[in-house]
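Here is what each chain is made of, one letter per residue.
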Amino acid sequence: LSLHDALPIYLRNRTCESPTGTAITFAHELQHFMQYGSNHEAYQSGHDLQSRFREDGRSAFPWDFPHEREAQIVSKKVAEVVLGKDEVRRYAEQQIELKRDPLKWEFFLRLEA
């Protein structure tokens, strides 16, 4: 990979308002970086498929795509090691209560990390 092929990692302001949100988001994005670097073709295929679904107006959740599901599993695992399972569960439940993408957080809680 060359420098111009670099994968950007972005951390949105809202997801970084707490240490737990920051840990989950950063681990998720770093997993995409690892996917991109270790098997670029597979990562790109998943990303392209996800884009085509959006362009075609088909509905799918991000976690329906393998690269996203893996990133969620890894982010939960990392956050639980760093901050503890109880804190990660509390944060996810809080996101559901605040109606911040509740389907995503309900799925996240069901993941086996």
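About the cut-offs
- Residues numbered from 1 in each chain as written.
- Predicted model: local features only at pLDDT ≥ 70, side-chain atom pairs only at ≥ 80, totals over all residues.
- Heavy atoms only, no water.
- Helix = DSSP H or I, 4+ residues; strand = E, 2+ residues; numbered from the N terminus.
- Contact = heavy atoms within 4.5 Å.
- Phe/Tyr/Trp six-rings, centres within 6.5 Å; stacked < 30°, edge-to-face > 60°.
- Buried < 20%, exposed > 50% of the residue type's maximum accessible area, 1.4 Å probe, protein only.
- Lys NZ or Arg CZ within 6 Å of the ring centre and 35° of its normal.

Trainee: What am I meant to see in the environment of lysine 104 here?
Mentor: Along the polypeptide, lysine 104 turns up in helix α5 (residues 102-110). With residues near it in sequence (within four places) discarded, lysine 104 still touches Trp63 and Gln72.

Trainee: Looking at this structure, I do not really get the packing of aromatic side chains. What am I missing?
Mentor: Each aromatic ring pair is characterised by the separation of its centres together with the angle its planes make. Counting across every chain of the model gives six aromatic pairs. Where tryptophan 105 meets phenylalanine 108, the ring centres are 5.1 Å apart and the plane angle is 70°; that geometry is what we call edge-to-face. Pair noted here: tryptophan 105 and phenylalanine 108 are both in helix α5, with a separation of three residues, about one helical turn. In this structure tryptophan 105 comes out as buried when scored by relative accessible area, which is 6%. The ring of phenylalanine 108 carries lysine 76 above its face, with NZ or CZ at 5.7 Å from the centroid.

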